[in-house]
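Analysis of the macromolecular model
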Amino acid sequence: MSDVLRVLLVDDHAMVRSGFAMVLSVEDDIEVVGEAADGLAAIEQARATRPDVVLMDVQMPRMDGIEATRHLVADDLGHVVIVTTFDRDDYLFDALQAGASGFLLKNAGPEQLLDAVRAAGRGHALLAPEVTRRVIGRMAGEDVTTDRPEPAELAHLTAREREVLVLLARGLSNGEIAAELVLGEATVKTHVSNVLAKLHLRDRVQAVIYAYEAGLILPTED
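Residues numbered from 1 in each chain as written. Predicted model: local features only at pLDDT ≥ 70, side-chain atom pairs only at ≥ 80, totals over all residues. Heavy atoms only, no water.

**So, the pattern of salt bridges**
- This structure, assessed with the given rule, holds 10 salt bridges.
- The shortest N-O distance in the salt bridge between R47 and D75 comes to 3.6 Å. A residue pair is termed long-range when its members are at least 10 positions apart, and R47 in helix α2 (residues 39-49) and D75 in the loop between α3 (65-74) and β4 (79-84) qualify at 28 residues.
- Look at R47 and you get partly exposed, because its relative accessible area is 49%.
- Connected through salt bridges with shared partners, the residues D11, D57 and K106 form a single ionic network. (Salt bridge = Lys/Arg side-chain N within 4 Å of Asp/Glu carboxyl O. Helix = DSSP H or I, 4+ residues; strand = E, 2+ residues; numbered from the N terminus. Buried < 20%, exposed > 50% of the residue type's maximum accessible area, 1.4 Å probe, protein only.)

Right under this line is the structure:
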């Protein structure tokens, strides 16, 4: 991958695509390589342009964003960030299961949009705190035993890496984790990479699920 992140914009509203394009195009390290108004067109555009990141709406004609995400992830056609208003939780969790790397509110500010694109482009998915709470809240309704033994692979983590796992699973960014633990952001980035590698996790979305299932965080925690 080059230093410039290639981004595909997928939304059935031209005004939304235009707004995102305006924010992204002025950045030296980001290039908007295509746009699509539905899931089928998104797959075609992704095959043609080979983006690093796909910003994907959910509700669209012909093929919705969840099904399109499933195809893009299966064919390794870019990291998908779902852009949604979270009106329906089933969309959120279906998209997660489809392999989405991150989630972003449609009313997010420009900096959040840029952070999401850059994080996804580097393979480090971005979870907004709102999404983390929804994921854990959904899991709270599942029949989960709280006294089960910890997964064996947790033993491979250092004490610091375990702390980092808990904080990233709560939705904190690398900068926020650094402030919480009084560490440099570069050090936190290394810890996060080590955690994901040791636990064989793709990204922060999987880290949230793993940390909850391992009993490291509880559904009542913020």
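Further notes follow.
**So, the nonpolar core**
- Membership of the largest hydrophobic core comes to 27 residues, with the highest contact counts inside it found for V10, V54, M56, L72, I82 and F103.
- The element contributing the most residues to this core is helix α4 (residues 89-98), with six residues.
- Core analysis: the next-biggest nonpolar cluster, separate from the first, contains 24 residues, L157, Y210, A214 and I217 among them. (Core = buried A, V, L, I, M, F, W, Y, C linked by side-chain atoms within 4.5 Å.)

**What about the sheet that holds strand β2 (residues 30-36)?**
- What the five strands build is an open sheet, ordered β2-β1-β3-β4-β5; its pairing is parallel. Looking at strand neighbours, the two that pair on one side only are β2 and β5 (102-105), the edges of this open sheet. Sheet twist, expressed as the average angle between the axes of neighbouring strands with direction ignored, equals 25 degrees.
- Pairing of β4 with β5 involves four bridges; the strand directions are parallel. Looking at β5, one finds that I82 is bridged to F103.
- Here helix α5 (residues 110-121) sits on the sheet in contact with β1 (5-10), β2, β3 (53-56), β4 and β5, set at roughly 135 degrees to β3. (Pairing = 2+ DSSP bridges. Axes fitted to C-alpha atoms, helices over the stretch in contact; angles between N-to-C directions. Contact = heavy atoms within 4.5 Å.)

**Structural notes on the environment of Y91**
- Relative to the helices and strands, Y91 is located in helix α4.
- The contact partners of Y91, leaving out residues within four places of it in the chain, are V58, Q59 and I66.

**Brief notes about the environment of A120**
- Tracing the sequence through the fold places A120 in helix α5.
- Of the residues examined, A120 reaches a relative accessible area of 2% and is grouped as buried.
- In the structure, A120 is positioned 67 residues away from V53 in sequence and 6.5 Å away in space, judged by C-alpha atoms.

**Re unusual backbone geometry**
- With a phi angle near 55 degrees, D76 is a residue other than glycine that sits in the positive phi range.
- With respect to the element layout, D76 can be found in the loop between α3 and β4.
- On the accessibility criterion, D76 (66% relative accessible area) is exposed.
- The backbone of H200 sits at a positive phi, close to 55 degrees, despite the residue not being glycine.
- Relative to the helices and strands, H200 is located in the loop between α9 (185-198) and α10 (204-213).
- Its relative accessible area of 70% is what places H200 among the exposed residues.

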